[in-house]
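# Residue-level structure breakdown
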Protein chains: 2
Amino acid sequence: MKNIILVGSGNVATHLGIALQNCNYKIVQVYSRSIKNAKKLAQKLNTNFTNDLTELKSADLVIVSVNDDAISSVLSQIKNTPLVHTSGSVGLNVFKEKFTNYGVCYPLQTFNKEVDINISEIPFCIEGNSLKFEKQLIVIAKALSNNVVKMNSQQRKKLHIAAVFACNFSNHMYSVANDLLEKNNIDFKILLPLIKKTIANIEKKKPKEVQTGPAKRKDTTIIQEHIAIIKEEEIKELYQKITDNIIKLHE
Amino acid sequence: MKNIILVGSGNVATHLGIALQNCNYKIVQVYSRSIKNAKKLAQKLNTNFTNDLTELKSADLVIVSVNDDAISSVLSQIKNTPLVHTSGSVGLNVFKEKFTNYGVCYPLQTFNKEVDINISEIPFCIEGNSLKFEKQLIVIAKALSNNVVKMNSQQRKKLHIAAVFACNFSNHMYSVANDLLEKNNIDFKILLPLIKKTIANIEKKKPKEVQTGPAKRKDTTIIQEHIAIIKEEEIKELYQKITDNIIKLHE
């Protein structure tokens, strides 16, 4: 498995393409529905490009990195070839009966085209429709990353939800904090040591064990004072909801 | 201001006592309502101890590090002396008219007696009842930390709420994620690279600018799927609430 086609030209396709080339895989073609984007990535990778899925060359592996919503439609236009998608949310069943060798290669990371990423630290979650094909996928993933795990579609969906809580939702907590501080002329950076300490704690212990704060202590005086001080109705409700949830978890 | 009394023997008092001694301040006495705890910390600091506030020696500064609820009652038993409390939530007005020189020295960090802390990186928020006394407090804080800021009681309360969101609430997001992964035999450690990337992002940009995920994209298909998959009613509600909040913030 050395010749690879990238279907998609977004963040994941871009980072995977560069990393695969660095590991001596050959990207033989890039597809994007936008010919401009296909060309842009193909130039970066010094390879061919197309915006027509019926013109895909033959290759050892096709990597489909398009929006979740578009995967089904893209697959319907690809002839039988070994292939994977890179989505956390879409199950293996999206490939149905049409393909002989298919799987998922889900890199668990926020990708951004503009920012360099150390791909070797990114967890890759691998699933194949057969043990043999899965092994081949694992070989490729291990060339890219030191953190490769086998994971079925059900687990991957749960992992995606967990990632929404741990990353998207925690980032929103930082947004709310930032907003509150900005309105009071306090630099958000003052919170960084505390935020980093929180992360250092969960590297060593379970998050539940290192929970602190008024909700954990059931300090209703402070909780009521905080809710009274917060001006925005929806932030009041958010504070109350998460507080109730922490109190329940620690009962 | 070289001779200091510690009122309290908990996490903050312990770490402050050790750090102050390391900076050549002299801890002349430790008070705790529990004589056992007073003795324990006094032995660590090689100093005197008492469990009777009427027996406090005279000192340049008394640092009151007791539970928020107990501050008022402790102050009522202390004769006029220069003093500070270390709480984020309690205002300067707790000192009322009784004292001549008083203030707040609030270290913004989660303290744990068992874990060593690099106190020099901890932000210290300082407030004094006079410019002169505030300057003296800043000198002490700067001996301990490279991160000293002046902050009034109103700002400090807002900062405390922001810290609840950024640390206590984000830690709860990790707890929910951990719980979901444990139930599906997935190691929580798989999320650490993504969590660390989220922190790396907010060191460089505003949290709102680096928000990602289904809520940010208004991807209702995935949002509904996630809510359907989550089993616990209160976690479903939490997912929905935070999602609504993110969508509203990014409108």
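Right above here is the structure, for reference.
Another point: the overall build of chain A. Secondary structure summary: chain A contains eight helices and eight strands in total. Principal-axis analysis of the C-alpha atoms gives chain A an extent of 70 × 40 × 30 Å. Across chain A, contacts joining residues at least 24 apart in sequence account for 47% of those joining residues at least 6 apart. Of the roughly 11400 Å² that chain A leaves accessible, carbon and sulfur atoms contribute 46%. Charge separation in chain A, taken as the distance between the mean sites of 34 positive and 24 negative side-chain charges, equals 7 Å.

Moving on to the packing of helix α5 (residues 153–182) of chain A against helix α8 (residues 233–249) of chain A. Residue and element names in this part refer to chain A. Running from amino to carboxyl end, α5 crosses α8 at an angle of 135°, the nearest separation of the two axes being 12 Å. Taken together, the axis directions place α5 and α8 in an arrangement best described as oblique. Remark: the crossing between α5 and α8 carries left-handed chirality. For the pair formed by α5 and α8, the contact residues are His-172, Met-173 and Val-176 on the first element and Ile-235, Leu-238 and Ile-242 on the second. Of the residues belonging to the contact of α5 with α8, the class tally is five nonpolar, one polar and no charged.

Right, let's get into the relation of the copies chain A and chain B. After a rotation of 180° and a shift along the axis of 0.0 Å, chain A superposes on chain B with an RMSD of 0.1 Å. Overall, the copies show the geometry of a two-fold rotation axis. For chain A, the smallest separation between a C-alpha atom and the rotation axis is recorded for A:Ser170, amounting to 2.3 Å. Looking at the interface residues of chain A, 100% of them are also at the interface in chain B, so both copies use one shared face.

Quick look at the interface of chain A and chain B now. On the side of chain B, 81 residues touch chain A, which itself brings 81 residues to the contact. Where chain A abuts chain B, roughly 8200 Å² becomes buried across the two surfaces, and 69% of that area is made up of carbon and sulfur atoms. One can count ten salt bridges joining chain A with chain B. Of the charged contacts in the structure, one is a salt bridge between B:Lys248 and A:Glu234, with a shortest N-O distance of 3.5 Å. Of all the secondary structure elements, the ones that give two or more residues to the side of chain A that touches chain B are α5, α6 (192–204), α7 (220–229) and α8 of chain A.

In this section: the sheet that holds strand β2 (residues 26–31) of chain B. Residue and element names in this part refer to chain B. The mixed open sheet is built from eight strands, whose spatial order is β3-β2-β1-β4-β5-β6-β7-β8. Each edge of the open sheet carries a strand with a single partner, namely β3 (48–50) and β8 (148–150). Looking at each pair of strands side by side, their axes are set apart by 25° on average, direction ignored. Where strand β6 (residues 102–107) lies against strand β7 (residues 124–128), five bridges are found, and the strand directions are antiparallel. Bridge assignment links Val-104 to a residue of β7, and that residue is Glu-127.

Residue and element names in this part refer to chain A. For the coordinates displayed, the defined rule picks out ten aromatic pairs over all chains. When the centroid spacing of 4.9 Å and the interplanar angle of 75° are considered together, the rings of Phe-165 and Phe-169 count as edge-to-face. Of this pair, Phe-165 and Phe-169 are both found in helix α5, four residues apart, which corresponds to roughly one turn of the helix. Summarising the burial analysis for this pair, Phe-165 and Phe-169 share the class buried. A connected cluster of aromatic rings, assembled from ring pairs, spans Phe-95, Phe-99 and Tyr-102.

All names here are of chain A. Pairing is mixed in the open sheet, where eight strands are placed in the order β3-β2-β1-β4-β5-β6-β7-β8. Two strands close off the open sheet at either side, each with one partner strand: β3 (48–50) and β8 (148–150). On average, each strand axis in the sheet is tilted by 25° relative to the strand beside it, whichever way the strands run. Bridging between strand β4 (residues 61–64) and strand β5 (residues 83–85) involves three bridges; their strand directions are parallel. Among the inter-strand pairings, Val-62 is bridged to a residue of β5, identified as Leu-83. Relative to the sheet, helix α2 (residues 35–45) contacts β1 (3–7), β2 (26–31) and β3, its axis offset from that of β3 by approximately 170°.

Taking 1.5 Å per residue as the helical rise, helix α8 (residues 233–249) of chain B with its 17 residues ought to reach 24 Å, and the 24 Å between its terminal C-alpha atoms agrees with that figure. Burial in α8(B) covers these residues: B:Ile235, B:Lys236, B:Leu238, B:Tyr239, B:Ile242, B:Thr243, B:Asn245, B:Ile246 and B:Ile247. Here the buried face of α8(B) lies against α5 and α8 of chain A together with α5 (153–182) and α7 (220–229) of chain B.

Residues and elements named next belong to chain A. Inspection of every chain in the model, using the stated rule, returns 20 salt bridges over all chains. The closest approach of N and O atoms between Arg-217 and Asp-219, which form a salt bridge, is 3.6 Å. Through salt bridges with shared partners, a single network forms among Asp-179, Lys-183 and Glu-232.

Moving on, we come to unusual backbone geometry. A positive phi angle is found at A:Asn185, which is not glycine, with a value near 55°. Within the secondary structure layout, A:Asn185 lies in the loop between α5 and α6. Positive phi outside glycine occurs at B:Asn24, with the angle close to 70°. The topology assignment puts B:Asn24 in the loop between α1 (11–22) and β2. For B:Asn24, a relative accessible area of 63% translates into the label exposed.

A covalent bond between the sulfur atoms of two cysteines is what we call a disulfide. Residue and element names in this part refer to chain B. Across all of its chains, the model carries zero disulfides over all chains by this definition. Unpaired in terms of disulfides, Cys-23 finds its nearest cysteine sulfur in Cys-105, a separation of 12 Å. What makes Cys-23 partly exposed here is its relative accessible area of 24%. A relative accessible area of 13% means that Cys-105 is categorised as buried.

Calculation criteria
Counting of residues starts from 1 at the beginning of each chain's written sequence and follows it residue by residue. Starting at A for chains and at 1 for ligands, labels are handed out in the order in which the entities are written. Thresholds applied to this predicted model are a pLDDT of at least 70 for local features of residues and 80 or more for the giving and counting of side-chain atom pairs; totals over whole chains, interfaces and linings are not thresholded and use all residues. To get the side-chain values, take all heavy atoms of the structure and skip hydrogens and water. A run of DSSP states H or I qualifies as a helix once it reaches four residues; a run of E qualifies as a strand once it reaches two. Both are numbered from the N-terminal end. In this analysis, two residues are considered to be in contact whenever any of their non-hydrogen atoms come within 4.5 Å of each other. Accessible surface is estimated by sampling points in the Shrake-Rupley manner with a 1.4 Å probe; for residues, cover comes only from the protein chains shown. Charge counting treats Lys and Arg as positive and Asp and Glu as negative, with His and both chain ends excluded. All charge positions are set by atom: Lys at NZ, Arg at CZ, Asp at CG, Glu at CD. To define axes, lines are fitted to C-alpha atoms, for helices over the stretch in contact only, and angles between the resulting N-to-C directions are given on a 0 to 180 degree scale. Angles below 35 degrees are treated as roughly parallel, those above 145 as roughly antiparallel, those between 65 and 115 as roughly perpendicular, and all remaining angles as oblique. Crossing handedness is read from the near helix: turned anticlockwise from the far helix by less than a right angle, it gives a left-handed crossing, and turned clockwise, a right-handed one. Each residue gets one of three labels, nonpolar for Ala, Val, Leu, Ile, Met, Phe, Trp, Tyr, Cys and Pro, charged for Asp, Glu, Lys and Arg, and polar for the others, Gly among them. A least-squares fit on C-alpha atoms brings the copies together, and the residues used are those whose pLDDT is at least 70 in both copies. Two parts placed together each lose some accessible area; with a 1.4 Å probe, that loss summed over both constitutes the buried area. What counts as a salt bridge is simple: a side-chain nitrogen of Lys or Arg found within 4 Å of a carboxyl oxygen of Asp or Glu. What makes two strands pair is DSSP finding at least two bridges between them. Only the six-membered ring of Trp is used, alongside the rings of Phe and Tyr, when aromatic pairs are assigned; centres must lie within 6.5 Å, and planes under 30 degrees apart are stacked while those over 60 apart are edge-to-face, with the rest tilted. Buried, partly exposed and exposed residues are distinguished by accessible area as a fraction of the type maximum, computed with a 1.4 Å probe on protein chains only: under 20%, between the cut-offs, and over 50%, respectively. The span you would expect from a helix comes to 1.5 Å times its residue count less one. Pairs of cysteine sulfur atoms within 2.5 Å are identified as disulfides in what follows.

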